[in-house]
Amino acid sequence: MALAAAGRVLLQAGSRLGRREVVDGARRFANKRVEVEADEAAGIAVMKLKNPPVNSLSLEFLTEFLISLEKLENNKNFRGVILTSERPGVFSAGLDLMEMYGRNPAHYAEYWRAVQELWLRLYLSNMILVCAINGTSPAGGCLMALTCDHRIMADNPKYTIGLNESQLGIVAPFWFKDNFVNTVGYRTAEHALQLGLLFPPAEALKLGIVDEVVPEDQVHSKAQSVMAQWMAIPDHSRQLTKNMMRKAMADNLIKQREADIQNFVSFISRDSIQKSLHTYLEKLKQKKG
Ligand SMILES: CCCCC/C=C\C/C=C\C/C=C/C(=O)SCCNC(=O)CCNC(=O)[C@H](O)C(C)(C)COP(=O)(O)OP(=O)(O)OC[C@H]1O[C@@H](n2cnc3c(N)ncnc32)[C@H](O)[C@@H]1OP(=O)(O)O
């Protein structure tokens, strides 16, 4: 119920944005920040993140992404989604720092609800989610990948993935942490989270953050072949199994959703945290100059 209500809010927000859908022969639809190549006959869609310059998860991006995902969820012909970036090199730079810096509490609360919604929708999706990680994927970007059923990363040592929040002076929320612990195990998570480590593909593979590393030009073909394997499993048994594995963790957030929002708002509003974010943003700018 809570999920459905929040979904409606996002849909309303989406229509307020007034984005015109572009339909190309019923096989492609797009809003400004997400491109969907939908092959209804095959039952597979490719969702490409396209929020330049670095696919940060801004409020507008989250709204548009959730609307696109819901369209696919509502069409029973779609059984699988491949998530990838339209801009090879960066899968996603994670949460949009500008949504968490210098804004007011109401904005922080609205943003955090949308971030929760993204995680819940992806984590509990009945569809098969395969992540084609064709670039760097820190923090919230890594989280998106962690919600997927299978992760394939491009073999480029320049790309990294992990939960680096502590390096920014912030803390990975408990549900980011839970998703990570369930993927890599407690000790690895404890170590990586405290240090805010980002891992290149080979190390990410060793730790189980990703399932496969393939040459960069094969990420998409690999994602398609993995999807074909998963599609061969009957939906009902796969979905019941997925739900059995994931429900408890998702319910843990659902039951304390409002408290989690309040926690986030009071944490992110602190002067010391705003100062840390300021320093980090300055560092990002200086890197350029
Ligand atoms: C105890 C209670 C706890 C409660 C919980 C409380 C708090 C937790 C809250 C949130 C968890 C946070 C999760 C996150 O996801 S935080 C974001 C983490 N992301 C990063 O650290 C990535 C930062 N970016 C980079 O490292 C690089 O940009 C890149 C992704 C490697 C790409 O490098 P590239 O050289 O290609 O681009 P630039 O660095 O030049 O960037 C271009 C442009 O984009 C801006 N930008 C980059 N990342 C972000 C971002 N995440 N959000 C917003 N903007 C971003 C960058 O500043 C440049 O802007 P400019 O204006 O200078 O062009």
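See the structure above.
As a starting point, this report considers the structure included with it. (Residues numbered from 1 in each chain as written. Predicted model: local features only at pLDDT ≥ 70, side-chain atom pairs only at ≥ 80, totals over all residues.)

As for the overall build of the protein chain
Okay, so step 1: If you tally the helices and strands in the protein chain, you get eleven helices and eleven strands.
Okay, so step 2: Relative to its length of 289 residues, the protein chain is compact, with a C-alpha radius of gyration of 18 Å against a globular reference of 19 Å.
Okay, so step 3: When the backbone C-alpha atoms are referred to their principal axes, the protein chain occupies close to 55 × 45 × 40 Å.
Okay, so step 4: Within the protein chain, buried positions represent 40% of all 289 residues. (Helix = DSSP H or I, 4+ residues; strand = E, 2+ residues; numbered from the N terminus. Rg over C-alpha atoms; globule rule 2.2 N^0.38 Å. Buried ≥ 20, exposed ≤ 12 C-beta atoms within 10 Å, placed from the backbone.)

Remarks on helix α2 (residues 59-74)
Okay, so step 1: In this model α2 runs 22 Å from its N-terminal to its C-terminal C-alpha over 16 residues, within 8% of the 22 Å that 1.5 Å per residue would give.
Okay, so step 2: Those residues of α2 lying buried are Phe61, Leu62, Thr63, Glu64, Phe65, Leu66, Ile67, Ser68, Leu69 and Leu72. (Expected span 1.5 Å × (residues − 1).)

Side note on the site of the ligand
Okay, so step 1: Near the ligand lie 28 residues; those nearest to it are Ala93, Gly94, Leu95, Ala139 and Gly140.
Okay, so step 2: At the level of secondary structure, the elements contributing two or more residues to the shell around the ligand comprise β8 (135-138), α10 (257-269) and α11 (271-288).
Okay, so step 3: Of the residues assigned to the shell around the ligand, the class counts are 17 nonpolar, six polar and five charged. (Near = placed C-beta within 6 Å. Nonpolar A, V, L, I, M, F, W, Y, C, P; charged D, E, K, R; others polar.)

Structural notes on α11
Okay, so step 1: Helix length check: α11, at 18 residues, gives a terminal C-alpha distance of 26 Å against a target of 26 Å (1.5 Å per residue), a fit within 8%.
Okay, so step 2: For α11, the buried fraction is low: zero of the 18 residues fall into the buried class.

A short note on the sheet that holds β8
Strand pairing in a sheet relies on backbone hydrogen bonds, with the paired strands running either antiparallel or parallel.
Okay, so step 1: An order of β6-β8-β10 is seen for the three strands of this open sheet, with the pairing classed as parallel. Sheet topology places β6 (89-90) and β10 (161-162) at the edges, where each strand pairs with a single neighbour.
Okay, so step 2: Pairing of β8 with β10, which is carried by two bridges, proceeds in the parallel orientation. Each residue of the ladder has a partner; that of serine 137, found in β10, is isoleucine 161. (Pairing = 2+ DSSP bridges.)

A short note on the pairing of strand β3 (residues 34-39)
Okay, so step 1: What you see with β3 is a clean split: Val34, Val36 and Ala38 sit on the buried side and Glu35, Glu37 and Asp39 on the side with no burial.
Okay, so step 2: For strand β2 (residues 28-30) and β3, the ladder comprises three bridges, and the chain directions are antiparallel. Counterpart to alanine 30 in the pairing with β3 is glutamate 35.
Okay, so step 3: Where β2 folds back onto β3 in an antiparallel hairpin, the turn is made up of three residues.
Okay, so step 4: The pairing of β3 with strand β4 (residues 44-49) spans six bridges and is classified as antiparallel. Bridged to aspartate 39 within β4 is isoleucine 44.
Okay, so step 5: What sits between β3 and β4 in their antiparallel hairpin is a turn of four residues, with glycine 43 showing a positive phi close to 80°.

Overview of the pairing of strand β7 (residues 128-133)
Okay, so step 1: In terms of residue burial, β7 counts as a mostly covered element, since six of its six residues are buried.
Okay, so step 2: Taking every second residue as pointing to the same face, both faces of β7 are buried, with Ile128, Val130 and Ala132 on one and Leu129, Cys131 and Ile133 on the other.
Okay, so step 3: Taken together, the four bridges between β7 and strand β9 (residues 150-154) define a ladder with parallel strand orientation. Note on β9: the bridge partner recorded for valine 130 is histidine 150.

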